[in-house]
Amino acid sequence: MRKSNPNKNIIIILIVAIIVVTTISITAASRARDSKTNIVQSAVNDTISIVDKVITAPGRWLNNGVQSISNLLNTYEENQKLKNEVDQYDEVKQQTKNQAQEIERLKDELELNQTLTSYEKVTANVITRSPDTWQDMLIVDKGSSDGVEGNMAVMSKKGLIGRVMEVNAHSSKIQLLTSDNKSSNHFPVKISSASGNSFGVLNKYDVKTQQLIASEITGEQDIKEGDIVQTSGLGGNSPADLSVGTVIKVKPDSYGLNREVYIKPYAQMYDISVVTIIQRMVGATE
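A. Looking closely at the overall build of the chain. A tally of regular secondary structure across the chain gives two helices and twelve strands. Reading the helices (α) and strands (β) of the chain from amino to carboxyl end gives α-α-β-β-β-β-β-β-β-β-β-β-β-β. Expressed as a percentage of its 286 residues, the buried residues of the chain come to 30%. Only carbon and sulfur atoms are counted for the fraction: they give 56% of the accessible area of the chain, which is about 18,400 Å².

Now the structure itself:
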C-alpha cells in the first residue's frame with residue numbers, strides 16, 4: 001500500500017486557500033466597481049448568514065428566556081411586597097377603627113356616669129357574650145369583691161340594659177332587657193307626659209323593631225310619641241329615674257283591655273363592651 005505524501009497534501013491545501021482568497025479578492029474588487037453582487041458572493045453571503053443564525057439562535061433564545069424568567073420573578077416579588085403593604089395598611093386601618101370605636105364607647109360611658117352622680121356605681125368590662133344566649137346574657141369582670149349584688153340595675157352608654165342575675169367573686173352575669181325571662185327581667189317604669197305620669201312594667205322586646213314594650217299601664221294620661229320613660233323605683237328592686245328610652249307609639253294590647261307602649265331604648269343592646277352597674281342611690285340605706 002502506498003503511503004500518502006504529507007508534502008503533497010500541504011501543497012493541495014495551499015492551492016485551495018489561494019483559490020478562495022483570490023475569489024474573494026476578485027469579488028471584493030468587482031463590488032467596488034459595480035453595486036451588484038455576483039452569484040458567488042451572494043452564495044457566500046447567504047451561507048454565512050444562515051450559519052450565523054443557526055449558531056447564534058440558541059444563545060438568543062436562552063438569553064431571552066433567562067431575561068423573561070428574571071422579569072417574572074421581579075414582578076412576583078414586587079407584587080408580594082405590594083400585597084404585604086396593602087395587608088399591613090388594612091390591618092392598621094382596622095386597628096385604628098377599633099380604637100376609635102372603643103374611645104367613643106368610653107366617652108359615652110363617661111357621659112353616662114356624669115349624669116349618675118346621685119348613684120353609687122361600678123363600671124365593668126364585658127368579658128364574654130355566649131352565642132347561644134346572645135340576646136339574653138353577658139358576663140362582666142366585676143363581682144361581689146367590687147360590691148356587686150344580685151338584682152342590681154345595669155346601664156350602658158345612655159340607658160338601661162338589664163339587671164345582675166348571678167354574682168361571683170370577680171365576675172357577674174347580666175340578664176338583658178331583650179331576654180324572654182319574664183320572672184326576672186321586669187322593670188317598673190314611669191312614663192312622663194304633658195298630662196302627668198303613667199306607670200307600667202317592661203316585659204317584652206320586639207326583635208324586629210328593636211323596641212322595648214311596657215304593659216300594665218296605669219292611669220288615663222295621654223301618652224304620646226317622644227315622652228320620656230324612666231325606671232319608677234316601685235317595688236324596691238331598682239333605683240328610680242334611670243333612663244330607659246322614649247315612646248315610639250301606643251296601641252291596645254291583644255285583648256283590647258289595656259295599652260302597650262313601644263319604647264325606643266337609649267342603649268344599643270347588641271354592641272356592648274362597657275357597662276355601669278347601679279349599686280344604690282347615694283345616701284340610701286341598705
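B. Summary view of the packing of aromatic side chains. One pass over the full model with this rule turns up zero aromatic pairs. Over the ring of Phe 187 we find Arg 163; its NZ or CZ atom is 4.0 Å from the centre of that ring. Above the plane of the ring of Tyr 262 lies Lys 249, whose end atom (NZ or CZ) is 4.7 Å from the centre.

C. A look at the pattern of salt bridges. Scanning all chains against the criterion turns up four salt bridges. A salt bridge links Asp 241 to Lys 190; the nearest nitrogen and oxygen atoms lie 3.0 Å apart. With Asp 241 in the loop between strand 9 (228–231) and strand 10 (243–252) and Lys 190 in strand 6 (residues 187–193), the pair connects residues that are 51 residues apart, well separated along the chain. Given the relative accessible area of 15%, Lys 190 is considered buried.

D. Fine view of the environment of Asn 258. For Asn 258, the location among the structural elements is in the loop between strand 10 and strand 11 (259–265). Separated by 42 residues in sequence, Asn 258 and Glu 216 place their C-alpha atoms 6.7 Å apart. Residues contacting Asn 258, with those up to four places away along its chain left out, are Glu 216, Ile 217, Lys 251, Pro 252 and Asp 253.

E. Spotlight on the pairing of strand 4 (residues 159–167). The pairing of strand 3 (residues 153–156) with strand 4 spans four bridges and is antiparallel. Residue Val 154 lies in a different strand from strand 4, and its bridge partner there is Gly 162. Where strand 3 hands over to strand 4, the hairpin turn is made up of two residues, of which Lys 157 adopts a positive phi near 60°. Where strand 4 and strand 5 (residues 172–176) come together, five bridges link them in antiparallel fashion. Note on strand 5: the bridge partner recorded for Arg 163 is Gln 175.

F. Region of interest: the sheet that holds strand 11. Strand order in this closed barrel of six strands is 6-7-8-11-10-9, and the pairing throughout is antiparallel. Across this sheet, the average inter-strand angle for adjacent strands is 45°, counted without regard to direction.

G. Looking closely at a nonpolar patch on the surface. On the surface, Ile 10, Leu 14 and Ile 18 cluster together to form a nonpolar patch covering roughly 300 Å² of accessible area. Mapping Ile 18 onto the fold places it in helix 1 (residues 6–33).

H. The pairing of strand 8 (residues 211–215), seen in detail. Along strand 8, five of the five residues are buried, which leaves the element largely enclosed by surrounding structure. Residues Gln 211, Ile 213 and Ser 215 of strand 8 are buried on one face, and the alternating residues Leu 212 and Ala 214, pointing to the opposite face, are buried as well. Turn length for the strand 7 (residues 196–206)-strand 8 hairpin, with the two strands adjacent in sequence and antiparallel, is four residues, and the turn residue Gln 210 shows positive phi of about 55°. Where strand 8 and strand 11 come together, three bridges link them in antiparallel fashion. In the strand pairing of strand 11, Ile 213 is matched with Tyr 262.

Scoring rules and cut-offs
- For every chain, the first residue of the written sequence is number 1, and numbering continues from 1 along that sequence.
- Local features in this predicted model are restricted to residues whose pLDDT is 70 or higher, and side-chain atom pairs enter the listing and the counts only when it is 80 or higher, whereas totals over whole chains, interfaces and linings include all residues.
- The side-chain values count all of the structure's non-hydrogen atoms but skip hydrogen atoms and water molecules.
- Only DSSP runs of H or I covering at least 4 residues are called helices, and only runs of E covering at least 2 are called strands; the numbering of each starts at the N terminus.
- When a residue's accessible area, from a 1.4 Å probe over protein chains only, is under 20% of the maximum for its type it is buried; when over 50% it is exposed; and in between it is partly exposed.
- A 1.4 Å probe and the Shrake-Rupley method give the accessible areas. Residues count as covered only by the protein chains that appear here.
- Aromatic pairs are defined between Phe, Tyr and Trp rings, using the six-membered ring for Trp, whenever the two ring centres lie within 6.5 Å; interplanar angles under 30 degrees are classed as stacked, those over 60 as edge-to-face, and all others as tilted.
- Charge-over-ring placement is defined geometrically: NZ (Lys) or CZ (Arg) within 6 Å of the ring centre, and within 35 degrees of the ring normal.
- Whenever a carboxyl oxygen of Asp or Glu lies within 4 Å of a side-chain nitrogen of Lys or Arg, that contact is scored as a salt bridge.
- Pairs of residues are marked as contacts when any of their non-hydrogen atoms sit within 4.5 Å.
- Each pair of strands is called paired provided DSSP finds at least two bridges between the two strands.
- Think of each axis as a best-fit line through the C-alpha atoms, taken over the contacting stretch in the case of a helix, with angles from 0 to 180 degrees between the N-to-C directions.
- Patch membership requires over 30% relative accessible area and the absence of a salt bridge. Like charges are linked within 9 Å, and nonpolar side chains (Val, Leu, Ile, Met, Phe, Trp, Tyr) within 5 Å.

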